[in-house]
Protein chains: 2
Amino acid sequence: MSVLYPAILAGGSGTRFWPLSRSALPKQFLPLASDRPLIVETFQRIRTLARPKQILVVCGKTHAPIVRRVLKQLPPGNILIEPIARNTAAAIGLAAVRIFKEDPDGILAVLPSDHHVAEPEQFRDCIRQAAALADEGYLVTLGIQPSRPETGFGYIRIGDPLPRHGRKVLAFVEKPTLERARIYAESGEYLWNSGIFLFRASAILQAFHQHLPELSKGFDALRRTKTKPAYDAQVRRIFRSAPAVSIDYGVMEKADNLAVVPGSFGWSDVGSFGALGEVKTADAHGNIVVGNRAVLVDCHNCVVISGPRLLTLAAISDCVVVDSKDALMIVAKDKVQDVRRIVEAVRRHGLKNYL
Amino acid sequence: MSVLYPAILAGGSGTRFWPLSRSALPKQFLPLASDRPLIVETFQRIRTLARPKQILVVCGKTHAPIVRRVLKQLPPGNILIEPIARNTAAAIGLAAVRIFKEDPDGILAVLPSDHHVAEPEQFRDCIRQAAALADEGYLVTLGIQPSRPETGFGYIRIGDPLPRHGRKVLAFVEKPTLERARIYAESGEYLWNSGIFLFRASAILQAFHQHLPELSKGFDALRRTKTKPAYDAQVRRIFRSAPAVSIDYGVMEKADNLAVVPGSFGWSDVGSFGALGEVKTADAHGNIVVGNRAVLVDCHNCVVISGPRLLTLAAISDCVVVDSKDALMIVAKDKVQDVRRIVEAVRRHGLKNYL
């Protein structure tokens, strides 16, 4: 079987974990699910299926030093820099070209850097099945059995079983309304799109050729570069004009050689402070307390992340309280999406140094 | 008329304003109502009725340096040290002896150091009326027209009008139940006991003689001391054995030459974070925000005191959030009494350095 080349996508820069996450330290570098940053968990999780020299990380220039610091086993040359953030299609193309040049039969495993997996052995079983399908030429996604009518994820409508593993894909479905999400979750015919993809480098480059031809031309030219300066200049050229499109929307929704491997490995995208309930154990009062500087009296169903200072709460329920070195945030638990509005307000107040 | 000697009582050490107040910096030294500490407001408020050399401050030894620092106009010799906190009777006795030795006709005006007065001119009018009554030999209290059925204050049942100012006192009433407080507040026959008292030094010493004879003997001996060491030794002796009794309970409730001056001068005892609504103006959403490092999004009826760090809230209602250098506290507004339980919990956790 062909060799597996995991490509960890670490270009994300969200605001949903502010004030823990900052533009200089986005979510993937935070120890949100365990005592290790999510990207380190991701690296270790795939480590038994690939040697460090086969693993790539794609990230922005400013974050490359952090990647080097937290992933000391990773050869520095395996960090691919996106000159500008242009969503996942361009990032994956960059990784695919690199792998194709080294090993035309190589299988690319696209791994978001900021997810949590509670059961890594089951996860690796799914990766093995998906790699086998990728080896047959499929563009493969890991699909997660829905546990709730989530409106924040894309869904995959599953088709007939394939001979050995996995299922055919009838359709990629964009984030649904709550009503549709309920139908999807109950039907048994839909899986969550985990954002984890496996395909031959050659197969995804072929799919780029079909579905994102402009971008594909750029990558063809990149394959032909012979020197580091020529390579760097071509990467800049690609990203300057690349559409900011996801691999889902740009390729997977349009391709037909699709397969999905249904998985159930304690997956969480750790999408917000509210999601910490999926990856951390609550105490008897439903409180999730992270850090050792918090004192709670008569509090219920709170998420409390203490920082360097003492954090005390009394008679508070259903709130998220997050302390950090220089900023503290309190938000109602059912309004965690308002973290975004806090960040906007902080920016409006001219306090950008806190972002 | 006799000379007025204000005695500001600054021996208090509560926990209701933690984490702003600490054992090293209790409430009276905090700028809770304006940009000046409450004790400075108190000093300035009486300043036009008495020269600094007539003003006394009674406080614990550890707080004397703060008093000197914030009240630079006060002669250092006018700070009277309580060797141990023994409630107001002993503190007032100390001030009364000092004044009596200097001016046997002097009138003592007992002023809590940690209250707020929104209308100082009306306050001084009441003090003038009360001083005139004290000059006639009465033990006088300023009484506040109740604006709500408060169960946290003592009440004064008022009797017939006196010839020129004020009213006779029928009874001092201890903190009532809510049911009784409602009756008192609506009756028009009860006033809040403000803890502000005026009497001749000689009159209160006479009252001590009648109602607290043991303590009185100590003060008689103190009057006879001739040297600083003898004075200090006798003060220590008095406080070691003094009952921890309030002037209200120890003297006023038992005395019969009582008068009360009803007042309405925007008084607040600033009894808790919840009471900041009495002394600060809320914004259009009912939020009271102190400090310039707070960002609120969709919050209502909160009290927010920001410290050195950025403090952000979204979708939070009816909470008190108080930041300080090294500790932050969040409590439901209708449970501000739970601050006490937080303080106990912090102590139990062995984090005494935060208290």
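Worth saying up front: this structure is predicted, and the values here are computed from it rather than measured. (Residues numbered from 1 in each chain as written. Chains lettered and ligands numbered in written order. Predicted model: local features only at pLDDT ≥ 70, side-chain atom pairs only at ≥ 80, totals over all residues. Heavy atoms only, no water.)

Participant: Which parts of the structure should I look at to understand the overall build of chain A?
Facilitator: When helices and strands are tallied, chain A shows eleven helices and 17 strands. Against the compact-globule benchmark of 20 Å for 355 residues, chain A has a radius of gyration of 21 Å, which places it among compact chains. C-alpha atoms of chain A, sized along the principal axes, occupy 60 × 50 × 35 Å. In chain A, which comprises 355 residues, the share counted as buried stands at 57%. Of the contacts made within chain A by residues no fewer than 6 positions apart, 65% connect residues no fewer than 24 positions apart. Taken as a whole, chain A presents about 15200 Å² of accessible surface, with 49% of it coming from carbon and sulfur. One finds the centroid of the 46 positive side-chain charges in chain A at a distance of 9 Å from the centroid of its 34 negative side-chain charges. (Helix = DSSP H or I, 4+ residues; strand = E, 2+ residues; numbered from the N terminus. Rg over C-alpha atoms; globule rule 2.2 N^0.38 Å. Buried < 20%, exposed > 50% of the residue type's maximum accessible area, 1.4 Å probe, protein only. Contact = heavy atoms within 4.5 Å. Areas by Shrake-Rupley, 256 points an atom, 1.4 Å probe, with all protein chains shown as cover. Lys, Arg positive; Asp, Glu negative; His and termini not counted. Charge placed at Lys NZ, Arg CZ, Asp CG, Glu CD.)

Participant: What am I meant to see in the sheet that holds strand β16 (residues 319-323) of chain A here?
Facilitator: Strand order in the open sheet formed by six strands is β12(A)-β14(A)-β16(A)-β17(A)-β15(B)-β13(B), with mixed pairing between adjacent strands. The two strands at the open ends of the sheet, each matched to only one other strand, are β12 (288-290) of chain A together with β13 (294-297) of chain B. Here the average twist between neighbouring strands, direction ignored, is 5°. Summarising the sheet, β16 of chain A and strand β17 (residues 327-332) of chain A pair through five bridges and their orientation is antiparallel. Paired with Val322 of chain A across the bridge in β17 of chain A is Met329 of chain A. (Pairing = 2+ DSSP bridges. Axes fitted to C-alpha atoms, helices over the stretch in contact; angles between N-to-C directions.)

Participant: In this structure, what is going on with the relation of the copies chain B and chain A? I would like to understand it.
Facilitator: For the pair chain B and chain A, the relating rotation is 180°, the translation along its axis is 0.1 Å, and the fit reaches an RMSD of 0.1 Å. Overall, the copies show the geometry of a two-fold rotation axis. (Least-squares fit on C-alpha atoms with pLDDT ≥ 70 in both.)

Participant: Help me understand the interface of chain B and chain A, please; the structure alone is not making it clear to me.
Facilitator: Interface size, as often reported, equals the accessible area lost upon joining of the parts. Contacts between chain B and chain A engage 34 residues on the former and 34 residues on the latter. The contact between chain B and chain A buries some 2700 Å² in all, and 65% of this surface belongs to carbon and sulfur atoms. Contact with chain A buries area across many residues of chain B, yet Arg309, Leu310 and Ile330 of chain B alone supply 23% of it, more than any other trio. Counting the contacts that link chain B with chain A gives four salt bridges. A salt bridge links Arg341 of chain B to Asp298 of chain A; its shortest N-O distance comes to 2.9 Å. At the boundary of chain B with chain A, the tally comes to 20 residue pairs in polar contact (both at pLDDT 80 or more). Elements with a minimum of two residues in the side of chain B that touches chain A: β13, β15 (310-314), β16 (319-323), β17 (327-332) and α11 (339-348) of chain B. The biggest single contributor to the side of chain B that touches chain A is β17 of chain B, with six residues. In terms of residue class, the side of chain B that touches chain A is made up of 22 nonpolar, three polar and nine charged. Here five bridges tie β17 of chain A to β15 of chain B, and the two strands are oriented parallel to one another. Looking across to β15 of chain B, one finds that Ala327 of chain A is bridged to Leu310 of chain B. (Buried area = accessible area lost by both parts, 1.4 Å probe. Salt bridge = Lys/Arg side-chain N within 4 Å of Asp/Glu carboxyl O. Polar contact = N/O pair within 3.5 Å; in protein donor to acceptor, adjacent residues only side chain to side chain. Nonpolar A, V, L, I, M, F, W, Y, C, P; charged D, E, K, R; others polar.)

Participant: Looking at this structure, how should I read the environment of Val110 of chain A?
Facilitator: Residues and elements named next belong to chain A. The residue Val110 is located in strand β4 (residues 107-112) in this model. Placed 19 residues apart in sequence, Val110 and Ala91 show a C-alpha to C-alpha distance of 9.9 Å. Sequence-distant contacts of Val110, defined by excluding residues within four places in its chain, comprise Ala7, Leu9, Ile92, Gly195, Ile196, Phe197 and Phe199.

Participant: What is the right way to look at the packing of helix α6 (residues 201-211) of chain B against helix α7 (residues 213-224) of chain B in this model?
Facilitator: Packed helix pairs are specified by the crossing angle of their axes together with the interaxial distance, meaning the distance between the axes. All names here are of chain B. Packing of α6 against α7 brings their axes to within 6 Å, and their N-to-C directions diverge by 135°. Comparing their axes, α7 and α6 come out oblique. The hand of the α6/α7 crossing is left-handed. In contact with Leu205, Phe208, His209, Gln210 and His211 of α6, α7 contributes Pro213, Leu215, Ser216, Phe219, Asp220 and Arg223. Looking at side-chain class alone, the contact of α6 with α7 contains five nonpolar, four polar and two charged residues. (Parallel < 35°, antiparallel > 145°, perpendicular 65-115°, else oblique. Left-handed = near helix turned anticlockwise from the far one by under 90°.)

Participant: Can you help me understand the domain arrangement of chain A in this one?
Facilitator: All names here are of chain A. Domain boundaries assigned for chain A yield domain 1 (4-268) and domain 2 (273-354). Once you take the C-alpha centre of each, domain 1 and domain 2 turn out to be 30 Å apart. Between domain 1 and domain 2, the residue contacts involve 13 residues of the former and 20 residues of the latter. Applying the counting criterion to the domain 1 and domain 2 interface returns two salt bridges. Viewed at the interface, domain 2 and domain 1 are joined by six residue pairs in polar contact (both at pLDDT 80 or more). Residue composition of the side of domain 1 that touches domain 2, grouped by class: six nonpolar, four polar and three charged. (Domains from an automatic or database assignment.)

Participant: Is there a simple way to explain the side chain of Asn287 of chain B in this structure?
Facilitator: Residue and element names in this part refer to chain B. Within the secondary structure layout, Asn287 lies in the loop between α10 (276-279) and β12 (288-290). Using a relative accessible area of 3% as the deciding quantity, one classes Asn287 as buried. Of the polar contacts made by the side chain of Asn287, one reaches the backbone nitrogen of Cys302; its length is 2.9 Å. The contacts of Asn287, once residues within four sequence positions are left out, are Ala282, Leu296, Cys299, His300, Asn301 and Cys302.

Participant: Help me understand the pairing of strand β8 (residues 167-173) of chain A in this model?
Facilitator: Each regular strand displays side chains that alternate between the two surfaces of the sheet. Residue and element names in this part refer to chain A. In this sheet, β8 lies alongside strand β7 (residues 155-161) in antiparallel orientation, the contact comprising five bridges. Bridge pairing in β8 links Pro161 to Arg167. Taken together, β7 and the strand that follows it, β8, pair antiparallel across an intervening segment of five residues, in which Gly166 is found at a positive phi of about 70°. Sheet topology note: the β8/strand β10 (residues 258-263) ladder contains two bridges and is antiparallel. Each residue of the ladder has a partner; that of Lys168, found in β10, is Ala259.

Participant: Got a minute to help me understand the sheet that holds strand β13 (residues 294-297) of chain A in this structure?
Facilitator: One key point about sheets: their strands pair by backbone hydrogen bonds, in either a parallel or an antiparallel sense. Reading across from one edge, β13(A)-β15(A)-β17(B)-β16(B)-β14(B)-β12(B) is the order of the six strands in this open sheet, with mixed pairing throughout. Only two strands of the sheet have a single neighbouring strand rather than two, namely β13 of chain A together with β12 of chain B. On average, each strand axis in the sheet is tilted by 5° relative to the strand beside it, whichever way the strands run.

Participant: How should helix α8 (residues 228-241) of chain A be read in this particular structure?
Facilitator: An α-helical segment advances 3.6 residues per turn. Residues three or four places apart therefore align on the same side. Residue and element names in this part refer to chain A. Counted at 1.5 Å a residue, the expected span for α8 with its 14 residues is 20 Å, and the 20 Å between its end C-alpha atoms agrees. All of the buried residues in α8 are Tyr231, Gln234, Val235, Ile238 and Phe239. When α8 is viewed along its axis, its buried side chains cluster within an angular range of 130° and face the same direction. Exposed and oriented more than 90 degrees from the buried face of α8 are Pro229, Arg240 and Ser241. Buried residues along α8 sit against β3 (79-82), α3 (87-102) and α7 (213-224). Residue Thr227 occupies the N-cap position of α8, its side-chain oxygen lying 3.1 Å from the main-chain nitrogen of Ala230. (Expected span 1.5 Å × (residues − 1). Arc of directions from axis to C-beta.)

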